[in-house]
Amino acid sequence: SPATVVAIGGMLAPTLIKQGYSERFTHGLLMSAGSLGILIPPSIPMIIYPIVNQQAFIEVERLFAAGFGPGFLLGGIFAALCVIQGIRDKAPVERFELARLKTATAEGFWALLFPITILGGIYGGILTAVEASAFSVVYALLVEVFIHRALTWKDVPAIIKDTTLLLGSLLVIMVAAYAFTEYLNAEQIPAELTAWIQSFDLGPVGFLLIVNVLLLFVGMAMDIMSAMFVFVPLLAPMAAAFGIDPVHFGIIFIVNLEIGYLTPPVGLNLFVGSNLFERSIGHVIKSVLPFIAAMVIGLGVVSYVPAISIGVADVILGAEKPVEAVPDAPVAPRGDAPMTLEEMMREAEGGAAEPKRVQTLEEMMREAEMLDVADDTAADDDDTADE
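Residues numbered from 1 in each chain as written. Predicted model: local features only at pLDDT ≥ 70, side-chain atom pairs only at ≥ 80, totals over all residues. Heavy atoms only, no water.

**Topic: the packing of helix α4 (residues 60-88) against helix α14 (residues 281-304)**
At a minimum axis distance of 10 Å, the contact between α4 and α14 shows a crossing angle of 145 degrees. The handedness of the crossing between α4 and α14 is right-handed. Taking contact as the criterion, the partners of P70, L73, L74, I77, F78 and L81 in α4 are, on α14, F291, A294, M295, G298, V301 and V302. Residue composition of the contact of α4 with α14, grouped by class: 11 nonpolar, one polar and no charged. (Axes fitted to C-alpha atoms, helices over the stretch in contact; angles between N-to-C directions. Helix = DSSP H or I, 4+ residues; strand = E, 2+ residues; numbered from the N terminus. Left-handed = near helix turned anticlockwise from the far one by under 90°. Contact = heavy atoms within 4.5 Å. Nonpolar A, V, L, I, M, F, W, Y, C, P; charged D, E, K, R; others polar.)

**Observations concerning empty space enclosed by the protein**
For the structure shown, the criterion picks out two cavities of 30 Å³ or more. Taken as a whole, the largest cavity encloses approximately 60 Å³ of empty space. If you trace the largest cavity, you find it lined by G219, M222, D223, I224, L257, G260, Y261, V266 and L268. Looking at side-chain class alone, the lining of the largest cavity contains six nonpolar, two polar and one charged residues. (1 Å grid on protein atoms, 1.4 Å probe; cavity = no way out; pocket = protein on both sides within 12 Å on 5 of 7 lines; lining within 4 Å. Points joined across faces, edges and corners; volume = space filled by probe spheres on them.)

**So, a nonpolar patch on the surface**
On the surface, V205, L209, V213, F217, I297, V301, Y304 and V305 cluster together into a nonpolar patch covering about 680 Å² of accessible area. Broken down by secondary-structure element, the contributors of at least two residues to the nonpolar patch are α10 (204-221) and α14. When residues of the nonpolar patch are assigned to their parent elements, the largest contribution, four residues, is made by α10. Of note, F217 is situated in helix α10. (Patch = residues over 30% accessible without salt bridge, like charges linked within 9 Å, V, L, I, M, F, W, Y side chains within 5 Å. Areas by Shrake-Rupley, 256 points an atom, 1.4 Å probe, with all protein chains shown as cover. Salt bridge = Lys/Arg side-chain N within 4 Å of Asp/Glu carboxyl O.)

**Looking at the packing of helix α3 (residues 44-52) against helix α11 (residues 224-241)**
Put simply, α3 and α11 touch, their axes get as near as 10 Å, and they point 25 degrees apart. Between α3 and α11, the angle falls in the class roughly parallel. By crossing handedness, the relation of α3 to α11 is classed as right-handed. Contacts from I44, P45, I48, Y49 and V52 of α3 reach α11 at I224, M225, M228, F229, V232 and P233. For the contact of α3 with α11, the class distribution of residues is 11 nonpolar, no polar and no charged. (Parallel < 35°, antiparallel > 145°, perpendicular 65-115°, else oblique.)

**Structural notes on the environment of V5**
If you trace the backbone, V5 turns up in helix α1 (residues 2-18). Through-space distance from the C-alpha of V5 to that of S32 is 8.5 Å; in sequence the pair is 27 residues apart. Beyond its immediate stretch of four places on either side in the chain, V5 contacts G10, L30, M31, G34, N269, V272 and L276.

**A look at the packing of aromatic side chains**
Counting across every chain of the model gives 12 aromatic pairs. With centroids separated by 6.3 Å and ring planes inclined at 45 degrees, the aromatic side chains of Y49 and F253 adopt a geometry described as tilted. In this pair, Y49 is assigned in helix α3 and F253 in helix α12 (residues 246-259), connecting sequence segments 204 residues apart. Looking at Y49, the relative accessible area reads 0%, which means it is buried. Look at F253 and you get buried, because its relative accessible area is 1%. (Phe/Tyr/Trp six-rings, centres within 6.5 Å; stacked < 30°, edge-to-face > 60°. Buried < 20%, exposed > 50% of the residue type's maximum accessible area, 1.4 Å probe, protein only.)

**Re the environment of E258**
Within the secondary structure, E258 is located in helix α12. Beyond its immediate stretch of four places on either side in the chain, E258 contacts S35, L36, I38, L39, L74 and M295.

**Digging into α10**
Spanning 18 residues, α10 covers 26 Å between terminal C-alpha atoms, matching the ideal 26 Å at 1.5 Å per step. Inspection of α10 places P204, F207, L208, V211, N212, L214, L215, V218 and G219 among the buried residues, and these make up the whole buried set. (Expected span 1.5 Å × (residues − 1).)

**Re the environment of L234**
You can see L234 is positioned in helix α11. Residue classification places L234 among the buried positions, given a relative accessible area of 3%. C-alpha separation for the pair L234 and L193, spaced 41 residues apart in sequence, amounts to 9.6 Å.

**A word on the confidence of the model for the protein chain**
Confidence in the prediction for the protein chain averages 79 pLDDT; 79% of positions are at 70 or higher. Mean pLDDT values over the elements of the protein chain span from 51, in helix α16 (residues 341-348), up to 92, in α14. A low-confidence stretch, residues 332-341 stays under pLDDT 50, and its non-local contacts, those more than four residues away or across chains, total 13 contacts. Across residues 351-358, where pLDDT falls below 50, the model places 15 contacts with residues more than four positions away in sequence or in other chains. (pLDDT = per-residue confidence, 0-100.)

**A short note on unusual backbone geometry**
Notably, R149 is not glycine yet its phi reads approximately 55 degrees, a positive angle. When you line up the elements, R149 lands in the loop between α7 (129-147) and α8 (156-186). On the basis of relative accessibility, which here comes to 63%, the residue R149 falls in the exposed class. Not every positive phi belongs to a glycine, and E278 is a case in point at roughly 55 degrees. Here E278 shows up in the loop between α13 (268-277) and α14.

If you want it as structure tokens, here you go:
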């Protein structure tokens, strides 16, 4: 998401402002639209989610397919906002001309070939993701120097310097986010939040509402990867107990946390936009507020209309079963008597009375040392027995 803001924002921001859109709307649009990338495959969070969620087997391909519906829904909402804002700002309207399209396509041939080459290399098994990233740098450099002639070799050191400074600032933010995650784990705050949710007598609709509110606040304080590792193992069993499709819940989880890219104090896109557009944090926060509101509306639609996610996945990959709406009540597998929340949690977690807390690094190291001591003691006992 931050990479998208850098790649697209630097190119489109001057163009949109030149076309008559306000600076604040332009910056908010580019920072917000960049966050939609994690809903459209290939998406790293969609690869990580099935690994972290041990409650159910989830095919990555099905999660990929389920992201298209919500992605295009939010993209359509942003497009509608652009049309409304264009009318307000009296942006010039140009008639479509096929001749101009042909000319623009010819001029942008090498740029259009860029993503086709990268994605084709990955999906064709020719390049790994890391190799594709290196290839993209070489490709862009050769095209800009020898074909477009927009750069000379003397410009390259300055570009490397600027890129290093930008990426270095992002790494500092990420380290701070991971450190804060360790603090939350040490204080058992995620486990306390989960216990708080369990204390309410909720149905599936109320459960999703509480989860959405919780994850919106989580996105303000944690990066998406840390949040997935901490909260997916805690919340996924509860969602399963309420009869919520695991693919649908995964999409809800990802949409929630993509909003976190835009919310302070750990909204990475805000810091990237501030550096890229050379504006204050206050300016970029005000810029994204209308888009956050639009994304929250989209989140509500995605949460309570499963057909937008798993319905689209069934169309793309083939339907396994009819898409149902969010259940009105928890699933009761025995007779007609509804299960209590405690019983559902115990059954979903294989008999565990309480959700497992993610261990901190210190606890894992201590456990490993205890296992080593136990192994050494057992080996000494064996030697004594042999003697």
